[in-house]
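# Structural characterization, general
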Number of protein chains: 2
Amino acid sequence: MPNPRSMTVLIDPAFSDAEKAINNAFSQRRTLLVVGNCSIDYSGRASSSLTPGDRIVIAKADGSFLIHRSLGNEPVNWMPKGNVVFNVQHMEHGLEIRAIRRKPSESIRVSFANIRLIAALDLADSAEFSLNASEQDMQKAILLKPELLEEGIKPISWEKKVEPGFIDVYATDKQGRLVVVEIKRKTAGKDAVLQLTRYIEAIKRKADREVRGIIASPGIGKDVQRLLAISGLEFKYLDPKKCAETLRHTKMRRLPEYLGENPS
Amino acid sequence: MPNPRSMTVLIDPAFSDAEKAINNAFSQRRTLLVVGNCSIDYSGRASSSLTPGDRIVIAKADGSFLIHRSLGNEPVNWMPKGNVVFNVQHMEHGLEIRAIRRKPSESIRVSFANIRLIAALDLADSAEFSLNASEQDMQKAILLKPELLEEGIKPISWEKKVEPGFIDVYATDKQGRLVVVEIKRKTAGKDAVLQLTRYIEAIKRKADREVRGIIASPGIGKDVQRLLAISGLEFKYLDPKKCAETLRHTKMRRLPEYLGENPS
DNA sequence: AATTAAATTTCGCCT
DNA sequence: AGGCGAAGTTTAATT
């Protein structure tokens, strides 16, 4: 018994059977998969029509609706989740599936002249999707290979505790100045600048030295860039993908001797 | 015999059978559909991982690769067509499907712990997708709402017969000059300019008045633009989508009184 | 709720 | 082949 979850599959069903199965799938909030020859009409934000052909139709429990042709990455017609109602009807010459939603008001009608396969599925999937590299990966990459940031940078510590929080990477540059690095996995926003500013002020209160502030991220907003310049801070482009690669290539290496195993 | 095209369906197959069926599907360039419990790793433009769960996997003949979860409009992982190679392997504890492409270099590995459904499909689909509004819709929109074109335009007739053919929209502008409008649903080419030129010459032969010529389309070629300028004609950007929207919002309204029910 | 910005954007068209 | 711009973009984050 490999599958605790139930699944209903019909091959080349009669329209009457298909209608029942599809209705069941909808009322049970199952994922519906239909393959068959159909024509499609869409009306809503735009409108479109597609004469008959074999397609794959997927109706999900949240209202997401997808129709795929034999080629191409993107669905030829679709409907995003949100206020979507599905409905099926056995017509004179075929079977119609409709997806209707309000706000924005739109509807798709799929008219099947022929159905080859129906599957009603309970897809058990509670896994969380994780997009790498994480911010932590980026931090590790910088610690292992500081030249990713700038030639001559030497990390002193990471996750250094200061008044407002924790500094991602704390370092010195070639000229011996202190460097505070704030890492963002995505495009840096104003919040990143604010954070960095607070860290630097905290450092300056303790050490009466010149302190540089660097935001390391794959991008930065246009106006954030201005804010950064005004605040006398710097931006360094850092690609999460490149960080991941760096980690992969150096993961067996230990941290440099001047860094202990634990953050200071 | 409802289906001239062949289709292979396996329900809860053994991995060895699954491997054969999938290999066949790949070598025969069929559309492959797999439902089962799998984990996914992606590495390429970014990288991601997803722990096990039930998903729908679609591999198309052009290399398009899609993995859908139970919810959401968009695939959790995917690969666009282009230099993609599929491959399948029966492992110790399951079955792996790989999609690999170069330029950009990326790969997806789908590791099935369990397969519930396999379908290998020949999707016969030669239909052409048509996104409305049609040229006719654009014409209607202009007639209903001439300000789409220009403030003060007053349509006189549509599909007006002249020597070389039919004028899409015939009108007067604010200054009382005659206006000939040529509508194109897509980017206008030299043919549109030629057509328009001929219509204008035909009108000028009859009416000894100043005549303007306007091409209304969602775009125009760079060199066509030059040709247009040389010919003393004009281009007006007109969005088919906006036209469709205009029609939707005004479809119950009748044509203005100065226009009859039939073209002149 | 509306606005803005990013996306493994994809896709088509043009150079 | 590379670059630009639009999309029924979608989606997440922010105001």
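Predicted, not measured: the structure shown is a model, and the values here were computed from it. (Residues numbered from 1 in each chain as written. Chains lettered and ligands numbered in written order. Predicted model: local features only at pLDDT ≥ 70, side-chain atom pairs only at ≥ 80, totals over all residues. Heavy atoms only, no water.)

### Observations concerning the domain arrangement of chain A
Applicable threshold: Each domain span listed reflects an automatic or database assignment of domains.
Annotation of chain A at the domain level lists domain 1 (7-121) and domain 2 (135-259). If you average the C-alpha positions of domain 1 of chain A and of domain 2 of chain A, the two centres end up 50 Å apart.

### Observations regarding the side chain of B:K60
Inclusion rule: In DSSP terms, a helix is any run of H or I states spanning at least four residues, a strand is any run of E spanning at least two, and both are numbered starting from the N terminus. The cut-offs for exposure are 20% and 50% of the maximum accessible area for each residue type, with area from a 1.4 Å probe on protein chains only; residues under the lower value are buried, those over the upper are exposed, and the others partly exposed. By the counting rule applied here, Lys and Arg register as positive and Asp and Glu as negative, while His and the ends of each chain are not counted. A side-chain nitrogen of Lys or Arg and a carboxyl oxygen of Asp or Glu constitute a salt bridge if their distance falls within 4 Å. A contact between two residues is defined here by any heavy atoms of the two lying within 4.5 Å.
Along the chain, B:K60 falls in the loop between β3 (47-59) and β4 (65-68). B:D62 is the oppositely charged side chain nearest to the buried, salt-bridge-free B:K60, at an N-O distance of 6.4 Å. Discounting residues that sit within four places of it in the chain, B:K60 has contacts with A:H68, A:R69, A:S70, A:L71, A:G72, B:T31, B:L66 and B:F86.

### A word on the protein's contact with DNA strand D
Here is the rule: Here, proximity means that at least one heavy atom of the residue falls within 4 Å of the molecule or strand. We call two N or O atoms a polar contact when they sit within 3.5 Å, provided that within protein one can donate a hydrogen and the other can accept it, with sequence-adjacent residues counted only if both atoms are side-chain atoms. Residues are grouped as follows: Ala, Val, Leu, Ile, Met, Phe, Trp, Tyr, Cys and Pro are nonpolar; Asp, Glu, Lys and Arg are charged; every other residue, Gly included, is polar.
Taken together, twelve residues lie around DNA strand D, and A:R45, A:N77, A:W78, A:E106 and B:K103 are the ones closest in. Each atom of DNA strand D within 4 Å of the protein belongs either to a base or to sugar and phosphate, the latter forming 56%. Interatomic distance of 2.8 Å between a side-chain N/O atom of A:N77 and a base oxygen of DNA strand D. A per-class count over the surface near DNA strand D returns five nonpolar, two polar and five charged.

### Looking at the interface of chain A and chain B
What counts here: A quick way to say it: buried area is the sum, across both parts, of accessible area lost when two parts are put together, with a 1.4 Å probe.
Each partner contributes residues to the interface: chain A has 62 residues there, and chain B has 61 residues. Here chain A and chain B share an interface that buries about 5,100 Å² over both sides, 53% of which is from carbon and sulfur atoms. The salt bridge partner of B:D125 is A:R55, with a shortest N-O separation of 2.8 Å. Going through the elements one at a time, β1 (7-11), β2 (31-43), β3 (47-59), β4 (65-68), β5 (77-79), β8 (106-121), β9 (129-132) and α5 (240-250) of chain A are the ones with two or more residues in the side of chain A that touches chain B. At eleven residues, the largest contribution of residues to the side of chain A that touches chain B is made by β3(A).

### A look at the protein's contact with DNA strand C
In the vicinity of DNA strand C, 14 residues are found, and the nearest of them are A:N73, B:R45, B:N77, B:W78 and B:P80. Expressed as a percentage, the sugar and phosphate content of the atoms of DNA strand C within 4 Å of the protein is 68%. Within the side chain of B:Y42, a nitrogen or oxygen atom sits 3.2 Å from a base oxygen of DNA strand C. Within the side chain of B:W78, a nitrogen or oxygen atom sits 2.9 Å from a phosphate oxygen of DNA strand C. Contributing elements (two or more residues each) for the surface near DNA strand C: β9 of chain A together with β5 (77-79) of chain B. Residues of the surface near DNA strand C, tallied by class, amount to seven nonpolar, three polar and four charged.

### A look at the sheet that holds strand β12 (residues 178-183) of chain A
Residues and elements named next belong to chain A. In plain terms, the rule: A pair of strands is labelled paired if DSSP reports no fewer than 2 bridges between them. All axes are obtained by fitting lines to C-alpha atoms, using only the stretch in contact for helices, and the reported angles, taken between N-to-C directions, cover 0 to 180 degrees.
If you trace the five strands from one edge of the open sheet to the other, you get β10-β11-β12-β13-β14, paired in mixed fashion. Looking at the sheet topology across the chains shown, the edges are occupied by β10 (154-161) and β14 (234-237). The sheet shows a mean angle of 30° between the axes of neighbouring strands, taken without regard to direction. As paired strands, β10 and strand β11 (residues 166-172) are joined by six bridges and run antiparallel to one another. When the bridges of β11 are listed, P155 appears paired with A171. Each of β10, β11, β12 and β13 (211-217) touches helix α3 (residues 190-206); the most contacted strand, β13, lies at about 155° to it.

### Description of the pairing of β11(A)
Residue and element names in this part refer to chain A. In terms of burial, β11 is largely enclosed, as six of its seven residues are buried. The antiparallel hairpin formed by β10 and β11 contains four residues in its connecting segment. Pairing analysis gives four bridges linking β11 to β12, with the strands arranged antiparallel. Each residue of the ladder has a partner; that of T172, found in β12, is L178.

### Here we look at unusual backbone geometry
Residues and elements named next belong to chain A. Here the bond from K103 into P104 is cis, since omega is -5°, no more than 30 degrees from zero. The residue K103 is not glycine, and still its phi comes out positive at about 60°. By secondary structure assignment, the location of K103 is in the loop between β7 (95-101) and β8. Classification of K103 by relative accessible area gives exposed; the value is 72%.

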